[in-house]
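# Close look at the chain arrangement
What follows is the residue order along each chain.
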Amino acid sequence: MNLTTTLLHQIDEIGRTPESQAQLRCALAQELDKAGSYETARQALGALWQGIGVRPALEDFEPRTQAVVLLRVGALSGWLGSAHQVAGAQDAAKDLISESMSLFSALGESGRATEAEIELAWCYWREGCYDEARVTLRHALDGLPDAELELKGIAQVRLAEVERSAARHREALTILLDAAALIKDCESHALKGKFHSTLAGTWESLGVAEKRPDYIDNALIELTAASFHLEQAGHTHYLASVENNLGFSLFRAGRFDEAYDHLEHARRLFVRLKDGVRAAQVDETRARALLAQGCNAEAERIVRAAVKALERGDEQALLAEALITHGIALTRLAKRTPAREAFQRAVAISEQLNDREGAGVALLTIFEELAQDCALEELQALYVRADELLSQTQQPELLSRLRVCARRLIMPPVLAEKPVEFSALKFVHNSEKTASLLQEANAVAHGQGSVLLSGETGTGKDVLARLIHEWSGRGGRFVALNCAALCDTLVESQLFGHKKGSFTDAAEDYAGTALEAEGGTLFLDEIGELSLAHQAKLLRLIDHGEIYPIGSALPVRVNVRIIAATNHDLRQRVSRGLFRADLFYRLNTFHLELPPLRERPEDIPALAEHFIAEARKRYHKQLNFTPESLAAMSRLPLRGNARELRILIERTFITTPEETVITAAAVETVAHRQTNKSNFAAAWSGCSLEEEVRAYERNLIRLALDSAGGSITRAARLLNVTHQGLAYIVNGRHNDLLALRKPTRTRRVSLMRPENKVKSRQGASR
């Protein structure tokens, strides 16, 4: 910085008056301020300023010098107060800047008064008071002559940033595009960098809201330009902001590894600059990315620290955003009471700031995340308030979320109150293996092809299908059909619909689940149970997007994405002629295998806590599970996976007195038992050694038959018993396993030995 060096030399010149030195120190501080070096700018003021909240001693200065010092001290109070979370810093900054405005106006220096007004508006912006910031900046722009290129450019960029913060992205884009020619004529690399950075953020927000990938491309181009200019300007603070924005854009695009690299870089820069607020903002973005990948515990830890950092300062709008993210993380960890408190704080802060959209988003998130804890009347009240607050929003994403909530309110009570194993917006877990699976599912969600989910019963195929639908951004509904729950004659009607009178009980037209899912996702659970005839009709839907309702002569066009789930080995069923090969390959565009809980035991305590919290609310009963008992649950065999764990916990709550303590020893006993008659409070209840041994024997034989492909002979070898011995045990004690035996192949046995056949032919020839 040549100008900075020159000013330093001038300050040290012998013979300078205190008045002249004060003017030069303020000029140096302003240059450092422009470069984002706020701490160094504070040091440049020397004895003129003793710290935030301390009024500088101005009695010995002329009015103009007083105004210059007040403006510089006020601007730095705002920046440093925000960076260090100093309570009351923005109010102190506004008082000093307002006083400088009055002095400049009295001296007839309208340009300097307008410069102060722009700084005043930025204090309002930091506090989240967007209306006041907008009015102040527009008034400043009206009073600026065209010759003040740089000052006018700063005001327009900041006005666009205010509109972005208020979610008025189209207004921000208009302001920035109008300012483009003016910015191009400016010589300041710092201003150009800020302009391109703000424009990038605006393109990004519009691209996400309007689902325009070309806008996202524009954002990345603008961020590259911003990085170049800020590097030229040596503006580390804004360079860190660009890195944060780039990380956010990449996370929204599903490019998580790249996003984390840029976010980590941004955080290091902000920490080096001692800007705790911006570092906390980066952490909040990291938490959002982790939530999108299903890493809920890590996300909660990071965003909790961010909330604590933001609570120490004045930037209430950022605090409200972080509280919403913290609430989501807590909900997905089944900590629903503190989650509700976080959401309600976000609502209160946003309403206090007159941020209607922020308050609406917080209320909408309460509806989405905590609906299962709310009575219908509370959900209706939440929706009405959110709808009112978001009535002026221009974000399609928020309008889409409102529509989803409205649909949930008007669902038939039977469907609305139907218990689900998981919330549709969370997958409770704590293992890296599951986090990796969720990351892959998130990437798959953004594609268009069919998805096949396979895994044992109770591994969470249903909730993963719902998550893929949510992540996909498809505007239609998620509609599920269990192919195993319907008889073969009803499947076609339920799937493709029927016309009135097409069969005896067809009293009226029925659209069918495929048409109900128009524009959304059709989830076909237990797809392996579908008959070959219905498989052919499903194939037509996938290939041509057409269905034939029963009784209709013409096809109906349907736009749905198919997600299928099975606990069978479909390849094996294809080889046995039970499943169409062409349908299997269509469904297998994306294949996700959900491992059983025994292969990811780290998830079991997290799931247990989730089910315990649900049971406490459902049964209004308090049971005390020790930390050791939760850890011991990781050793449960859980052949039914999450479903079995949930049943064990619910059985415990139903049969156990209030305030019972569940110990690790009880859980260990349940883990070793083979029957399902026990619970965690009465681990030995109904125990019979004979039944336990027989259950263990049955499970071992079943596993051996599975491994042997149903062959009794090969299974006997695995178990180290004779064929006759195993056959006797199966027929005598476990005849339900006979269905697992490989069908025997009928052999044609001749009644004559080969030599007799020869003799017979010879006799015939005589």
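Everything quoted here is computed from the prediction, not taken from an experiment.

## Some words on the overall build of the protein chain
A count of helices and strands for the protein chain gives 36 helices and 9 strands. Residues classed as buried in the protein chain amount to 51% of the 766 residues present. By sequence separation, contacts in the protein chain at least 24 residues apart represent 67% of the contacts at least 6 residues apart. When the accessible surface of the protein chain is split by element, carbon and sulfur atoms take 52% of a total near 36,300 Å².

## Re helix α6 (residues 110-127)
The terminal C-alpha atoms of α6 lie 26 Å apart, and with 18 residues this matches the ideal 26 Å at 1.5 Å per residue to within 8%. The buried count for α6 comes to 14 of 18 residues, which makes it a mostly enclosed element. Remark: glycine 128 follows α6 within two positions and exhibits a positive phi of approximately 85 degrees.

## Describing a nonpolar patch on the surface
A surface patch of nonpolar side chains, about 290 Å² in accessible area, is lined by Tyr696, Leu700 and Leu703. Here leucine 700 shows up in helix α33 (residues 689-707).

## Details of the packing of aromatic side chains
Across all of its chains, the model carries 4 aromatic pairs by this definition. When the ring of tryptophan 203 is compared with that of tyrosine 215, the centres are 4.9 Å apart and the planes differ by 55 degrees; the resulting orientation is tilted. Of the two residues, tryptophan 203 is situated in helix α10 (residues 189-210) and tyrosine 215 in helix α11 (residues 213-233); the sequence distance between them amounts to 12 residues. An identical accessibility class is assigned to tryptophan 203 and tyrosine 215; each is buried. The aromatic ring of tryptophan 79 is capped on one face by arginine 126, whose charged end is 4.5 Å from the ring centroid.

## Here's the deal with the sheet that holds strand β7 (residues 590-594)
Reading across the sheet, the 5 strands line up as β2-β3-β6-β1-β7 and stay open at both edges, with parallel pairing between neighbours. A single partner strand is all that each edge strand has here, and the edge strands are β2 (478-482) and β7. Averaged over all adjacent pairs, the angle separating strand axes in this sheet is 20 degrees, with direction ignored. Here β2 runs beside strand β3 (residues 521-525); their pairing, made up of 5 bridges, is parallel.

## With respect to helix α23 (residues 461-472)
For α23, which comprises 12 residues, the first-to-last C-alpha distance of 16 Å matches the rise-based estimate of 16 Å (1.5 Å per residue) to within 8%. Where burial is concerned, most of α23 is hidden: 9 out of the 12 residues are buried. Buried residues of α23: Lys461, Val463, Leu464, Ala465, Leu467, Ile468, His469, Trp471 and Ser472, and no others. Where α23 terminates, the next one or two residues include glycine 473, which has phi positive at roughly 80 degrees.

## Description of the environment of serine 634
As for its placement among the helices and strands, serine 634 is situated in the loop between α30 (627-632) and α31 (641-655). With a relative accessible area of 22%, serine 634 lands in the partly exposed category. Along the backbone, serine 634 and glutamate 602 are 32 residues apart, and their C-alpha atoms lie at a distance of 6.7 Å. In this view, serine 634 contacts Pro601, Ile604 and Pro605; residues no more than four positions away in its chain are not counted. Polar side-chain contacts of serine 634 include one of 3.5 Å to the backbone oxygen of proline 601.

## A short note on unusual backbone geometry
Unlike most non-glycine residues, alanine 334 shows phi in positive territory, near 65 degrees. Topologically, alanine 334 is positioned in the loop between α16 (316-332) and α17 (336-352). Here the phi dihedral of asparagine 720 falls at roughly 60 degrees; this positive angle occurs in a residue that is not glycine. As for its placement among the helices and strands, asparagine 720 is situated in the loop between α34 (712-719) and α35 (723-733). Here asparagine 720 falls in the exposed class, since its relative accessible area comes to 71%.

## Side note on the pairing of strand β6 (residues 561-566)
When you tally the buried positions in β6, you get 6 out of 6 residues, the bulk of the element. Residues of β6 alternate between two faces, with Arg561, Ile563 and Ala565 on one and Ile562, Ala564 and Thr566 on the opposite face, all of them buried. With 4 bridges joining them, strand β1 (residues 451-455) and β6 adopt parallel strand pairing. Pairing of leucine 452 across the sheet is with alanine 564, part of β6. As paired elements, β3 and β6 share 4 bridges and run parallel to each other. Paired with phenylalanine 523 across the strands is isoleucine 563, a residue of β6.

## Looking at the environment of serine 493
Inspection of the secondary structure puts serine 493 in helix α24 (residues 488-496). As a C-alpha pair, serine 493 and alanine 511 span 18 residues in sequence and 8.9 Å in three-dimensional space. Ignoring anything within four residues of it in the chain, the contact list for serine 493 reads His498, Phe503, Tyr510, Gly512 and Ile550. One polar contact links serine 493 to histidine 498, side chain to side chain, over a distance of 2.7 Å.

## Notes on the packing of helix α18 (residues 356-370) against helix α19 (residues 376-389)
For the pair α18 and α19, the least separation of the axes is 8 Å and the interaxial angle reads 155 degrees. With respect to α19, the element α18 is oriented roughly antiparallel. In this structure, α18 meets α19 at a crossing whose hand is left-handed. Along the contact surface, α18 presents Arg356, Glu357, Ala359, Gly360, Leu363, Leu364, Ile366 and Phe367, while α19 presents Leu379, Leu382, Tyr383, Arg385, Ala386, Glu388 and Leu389. Residue composition of the contact of α18 with α19, by class: 10 nonpolar, 1 polar and 4 charged.

## Looking at the pattern of salt bridges
Following the criterion strictly, the structure yields 35 salt bridges and no others. Note that glutamate 351 is salt-bridged to arginine 385, the shortest N-O span being 2.8 Å. In this pair, glutamate 351 is assigned in helix α17 and arginine 385 in helix α19, connecting sequence segments 34 residues apart. Judged by its relative accessible area of 37%, arginine 385 falls in the partly exposed class. The salt bridge partner of aspartate 462 is arginine 466, with a shortest N-O separation of 2.9 Å.

## Some words on the confidence of the model for the protein chain
Averaged over all residues, the pLDDT of the protein chain is 82; the fraction at 70 or higher stands at 87%. For the protein chain, the element scoring lowest by mean pLDDT is helix α21 (residues 413-416), at 40; β6 scores highest, at 95. The low-confidence segment residues 412-425, where pLDDT is below 50, has 21 contacts with residues more than four positions distant or belonging to other chains. Between residues 744-766, whose pLDDT stays under 50, and residues either more than four places distant or in other chains, the model counts 2 contacts.

## Structural notes on the side chain of serine 450
Its place among the elements puts serine 450 in the loop between α22 (432-445) and β1. Using a relative accessible area of 8% as the deciding quantity, one classes serine 450 as buried. Apart from the residues within four sequence positions on either side, serine 450 is in contact with Ile542, Ile562, Arg586, Leu587, Thr589 and Phe590.

## Observations concerning the environment of tryptophan 125
Mapped onto the elements, tryptophan 125 comes out in helix α6. By relative accessible area, tryptophan 125 is classed as buried at 15%. The sequence separation of tryptophan 125 and glutamate 315 amounts to 190 residues, and the corresponding C-alpha distance is 8.7 Å. Once you skip the residues sitting within four places of it in the chain, tryptophan 125 turns out to touch Tyr130, Ala133, Glu161, Val162, Ser165 and Arg278.

Reading the values: the criteria
Residues numbered from 1 in each chain as written. Predicted model: local features only at pLDDT ≥ 70, side-chain atom pairs only at ≥ 80, totals over all residues. Heavy atoms only, no water. Helix = DSSP H or I, 4+ residues; strand = E, 2+ residues; numbered from the N terminus. Buried < 20%, exposed > 50% of the residue type's maximum accessible area, 1.4 Å probe, protein only. Contact = heavy atoms within 4.5 Å. Areas by Shrake-Rupley, 256 points an atom, 1.4 Å probe, with all protein chains shown as cover. Expected span 1.5 Å × (residues − 1). Patch = residues over 30% accessible without salt bridge, like charges linked within 9 Å, V, L, I, M, F, W, Y side chains within 5 Å. Salt bridge = Lys/Arg side-chain N within 4 Å of Asp/Glu carboxyl O. Phe/Tyr/Trp six-rings, centres within 6.5 Å; stacked < 30°, edge-to-face > 60°. Lys NZ or Arg CZ within 6 Å of the ring centre and 35° of its normal. Pairing = 2+ DSSP bridges. Axes fitted to C-alpha atoms, helices over the stretch in contact; angles between N-to-C directions. Polar contact = N/O pair within 3.5 Å; in protein donor to acceptor, adjacent residues only side chain to side chain. Parallel < 35°, antiparallel > 145°, perpendicular 65-115°, else oblique. Left-handed = near helix turned anticlockwise from the far one by under 90°. Nonpolar A, V, L, I, M, F, W, Y, C, P; charged D, E, K, R; others polar. pLDDT = per-residue confidence, 0-100.

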